[in-house]
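These are the residues of each chain, in order.
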Amino acid sequence: MELTAEIAATRDGSGDPARLLGEFRRAVLLVPLADGPDGGLMSAASGGIRWIYAFTDEEALARFAGARGEFAREW
């Protein structure tokens, strides 16, 4: 099973945490870099936790860029 299917199974209560972790470790993830002097991985805080943005395919990253209005930026 691929990563997105394991995530869906976990959300619906039928997933296996060990299998999810294995798929995550095998997956290719696209992680955008932050602009600015600090650079680093692009992230955001939610609920007191800092989350790193990661995408499983270029289309998902493109939707993220579009939602931010950042089509012209090099990703």
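Further remarks concern the confidence of the model for the chain. Per-chain confidence: the chain averages 91 in pLDDT, with 100% of residues scoring 70 or above. Looking at the elements of the chain, mean pLDDT is at its lowest for helix 3 (residues 58-67), recorded as 92, and at its highest for strand 2 (residues 49-52), recorded as 96.

To continue, consider the packing of aromatic side chains. In this structure the tally under the stated criterion is two aromatic pairs. Between Tyr 53 and Phe 64 the ring centres are 4.7 Å apart and the planes differ by 50°, which places this aromatic pair in the tilted class. Remark: Phe 64 occurs in helix 3 and Tyr 53 occurs in the loop between strand 2 and helix 3; sequence separation between them is eleven residues. Among the residues examined, Tyr 53 registers a relative accessible area of 24% and is labelled partly exposed. By relative accessible area, which is 14% here, Phe 64 ends up buried. Centre to centre, the rings of Phe 55 and Phe 64 are 5.0 Å apart; their planes meet at 45°, and the pair counts as tilted. The pair formed by Phe 55 and Phe 64 is uniform in burial state, with each residue classed as buried.

Criteria and thresholds
- Residues numbered from 1 in each chain as written.
- Predicted model: local features only at pLDDT ≥ 70, side-chain atom pairs only at ≥ 80, totals over all residues.
- Heavy atoms only, no water.
- pLDDT = per-residue confidence, 0-100.
- Helix = DSSP H or I, 4+ residues; strand = E, 2+ residues; numbered from the N terminus.
- Phe/Tyr/Trp six-rings, centres within 6.5 Å; stacked < 30°, edge-to-face > 60°.
- Buried < 20%, exposed > 50% of the residue type's maximum accessible area, 1.4 Å probe, protein only.

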